[in-house]
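Structural overview for review
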Amino acid sequence: MYSTRASIRLRVSRNCRPFSRCTYATTVYSTPAPHPSQITDADVNGARLYCSNLVKKFDSPSYTLQSFIPPSSTDAYLSIRALNIELARIPDVVSNPTVGALRMQFWRDNLTRTFADTPPKEPVAILLHHALTSLKARYPGISTNVMKGWFMKIINTREQYMDNRPYTSMDALEMYAENTYSTLMYLTLAFMPLNSMPTDHVASHIGKATGIATVLRGLPLIAFPEPPNHHSNNAALGGGRQGAVVLPLDVLADAGVREEDVFRRGADAPGLKDAIFIIATRANDHLITAREMLKNLRQGKDAGHEFEYEGEEGHQYSERGGSGKSQAEDLERGFSVLMPAVSTRLWLEKLESVDFDVFRPELRAREWKLPFKAYWAYSKRTI
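Residues numbered from 1 in each chain as written. Predicted model: local features only at pLDDT ≥ 70, side-chain atom pairs only at ≥ 80, totals over all residues. Heavy atoms only, no water.

Some points on the pattern of salt bridges
For the record, the criterion: Note on definitions: salt bridges are taken to be side-chain nitrogens of Lys or Arg within 4 Å of carboxyl oxygens of Asp or Glu. For each residue, the accessible area found with a 1.4 Å probe, counting protein chains only, is set against the maximum for its type, and the residue is called buried under 20%, exposed over 50%, and partly exposed in between. In DSSP terms, a helix is any run of H or I states spanning at least four residues, a strand is any run of E spanning at least two, and both are numbered starting from the N terminus.
With the rule as written, the count across this model stands at 14 salt bridges. Between R258 and E260 there is a salt bridge; the shortest N-O distance is 3.6 Å. Relative accessible area serves as the criterion here: at 43%, R258 is assigned to the partly exposed category. Two residues, D261 and R264, come together in a salt bridge whose shortest N-O distance is 2.8 Å. Taken as a pair, D261 and R264 lie in helix α11 (residues 259-265) at a separation of three residues, close to a single helical turn. When its relative accessible area of 59% is taken as the criterion, R264 is described as exposed. Salt bridges here are not isolated pairs; linked through shared partners, they connect R258, E260, D261 and R264.

Details of the confidence of the model for the protein chain
Threshold: Values of pLDDT, the confidence the predictor places in each residue, fall between 0 and 100. In this analysis, two residues are considered to be in contact whenever any of their non-hydrogen atoms come within 4.5 Å of each other.
For the protein chain, per-residue confidence averages 87 on the pLDDT scale, and residues scoring 70 or more make up 85% of the total. Scored below 50 in pLDDT, residues 230-239 shows 14 contacts in the model against residues more than four places distant or in partner chains.

Let's talk about the packing of helix α2 (residues 41-58) against helix α6 (residues 123-138)
Note the following rule: An axis is simply a line fitted to the C-alpha atoms; with a helix, the fit covers only the stretch in contact. Between two such axes, the angle follows the N-to-C directions and lies from 0 to 180 degrees. For this classification, under 35 degrees means roughly parallel, over 145 means roughly antiparallel, 65 to 115 means roughly perpendicular, and everything else is oblique. For a crossing to be left-handed, the near helix must be turned anticlockwise from the far one by less than a right angle; the clockwise case is right-handed. Any residue that is not Ala, Val, Leu, Ile, Met, Phe, Trp, Tyr, Cys, Pro, Asp, Glu, Lys or Arg is counted as polar, Gly included; the first ten are nonpolar and the last four charged.
Packing of α2 against α6 leaves a shortest axis separation of 8 Å and a crossing angle of 115 degrees. As far as their axial angle goes, α6 and α2 are roughly perpendicular. Handedness of the crossing formed by α2 with α6: left-handed. Residues D43, V44, A47, R48, Y50 and C51 of α2 form the contact with α6, whose participating residues are P123, V124, I126, L127 and H130. Here the residues of the contact of α2 with α6 sort into eight nonpolar, one polar and two charged.

Looking at the environment of A209
Among the secondary structure elements, A209 is positioned in helix α9 (residues 197-223). Taking the relative accessible area as the measure of exposure, A209 reaches 0% and is therefore buried. Residues A209 and T281 lie 72 residues apart in sequence; the distance between their C-alpha atoms is 9.5 Å. Sequence-distant contacts of A209, that is, excluding residues within four places in its chain, are made with A283, H286, L287 and T344.

A word on helix α5 (residues 97-115)
Put simply, the test is: Helices are assigned an expected span. That span is 1.5 Å times one less than the residue count. Pairs of N or O atoms within 3.5 Å make up the polar contacts considered here, provided that, within protein, one atom can donate a hydrogen while the other can accept it, and that residues adjacent in sequence are counted only when both atoms are side-chain atoms.
Here α5 is 19 residues long and its end C-alpha atoms lie 27 Å apart, about the 27 Å a rise of 1.5 Å per residue gives. The distance from a side-chain oxygen at the start of α5 to the backbone nitrogen of T98 is 2.8 Å, and the residue carrying that oxygen is N96. Among the residues trailing α5, D117 stands out with phi positive, at a value near 65 degrees.

Observations regarding the packing of aromatic side chains
Cut-off, in case you're wondering: Pairs were defined over the aromatic rings of Phe, Tyr and Trp, the Trp ring being its six-membered one, requiring ring centres within 6.5 Å. Orientation was assigned from the angle between planes: stacked under 30 degrees, edge-to-face over 60, tilted for the rest.
Inspection of every chain in the model, using the stated rule, returns twelve aromatic pairs. Summarising the aromatic geometry, the rings of F68 and Y378 are spaced 4.9 Å apart at their centres and angled 40 degrees between planes, so their arrangement reads as tilted. On the criterion of sequence distance, the pair formed by F68 in the loop between α3 (60-65) and α4 (74-93) and Y378 in helix α16 (residues 370-380) is long-range, its members being 310 residues apart. Look at F68 and you get buried, because its relative accessible area is 13%. Ring geometry for Y161 and Y176: centres 5.5 Å apart, planes at 80 degrees, overall edge-to-face. In this pair, Y161 sits in the loop between α7 (145-160) and α8 (170-190) while Y176 sits in helix α8, placing the two residues 15 residues apart along the sequence. The pair formed by Y161 and Y176 is uniform in burial state, with each residue classed as buried. The rings of F68, F335 and Y378 are connected pair by pair, giving a single aromatic cluster.

Re α6
Along its 16 residues, α6 runs 23 Å from first to last C-alpha, staying within 8% of the 22 Å computed at 1.5 Å per residue. Summarising the contacts, the buried residues of α6 are in contact with α2, α4, α5, α7 and α8.

Some thoughts on the side chain of D75
Note that D75 resides in helix α4. Under the relative-accessibility criterion, D75 is labelled buried at 14%. Sequence-distant contacts of D75, that is, excluding residues within four places in its chain, are made with R48, L127, H130 and A131.

Right, dumping it as structure tokens:
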């Protein structure tokens, strides 16, 4: 179904006659269309429903946590999370690297058109454009160039690891998490809009923790992928994906884990639980750091360490200007975006309860305690 939908998106309309009015642009995706697409309220409502259902199906924690996002930023939040899902699913629905690269380019071109105010009639692009239009209406003159750069960073990083190559080191895994899950949080903050180094700094650590935990959670599915669907177009392109162990190579070496042992013995592979423990500990360390930072910053103290990305694209606070408010006020305003810390903490606690056996099926089940734990954490402003 996904491949069919993608093929429909990529198809150039042949029903648009030279002199008839076309409801969407038909120019090449790599260049902005000459006229805006005719996006209706029905299109926006349909796109919102599509993105909401996509997030609900494939990212239930984010779906649950959307209730804490301010209403003015909900459409942005859903479109950002839906795009992340679309990108993450590309390796699962293609077996040809060339097709995967084309789909990544498809999303780059969609974003280019969306930020050029000529969005294609694609649900994620429609809802994102609606969110951008609403933001510009609330804050005339606001620049969105940084947002586009962050979106492209996510796509580039996803494409780099699209072939399920292992991370060369723990630092490489952290950088992947920073360029994906932390950046998702930066984007949501930008749509509020909130330009705050302390808030971005805390979000960076939470995003790294979430990204690392997500890689651990997905290990069984990547190591033992489902057989190909022979009714899909992708089955004819060379069969299903081969399994891969994508954990950091330095951690695997230190723990004495061999890839072939994981394929043969799964959770019983020698050293695997030790490797999972080391990686999960790093994720938990980021949550602890974020928690300590929140405490210090709210008391008007220093964060305790420098924000390593200050000065990079999107983190040039002196040039973009501050919010004019205190650290505590910025953190209060952006706290809803930091809520993934709660879902990540609950998953890491469950992983510990099963002795770091990442193959246990309950680790991939929906967390029924999240709504209650999230409500309590939000009301107490704790993570």
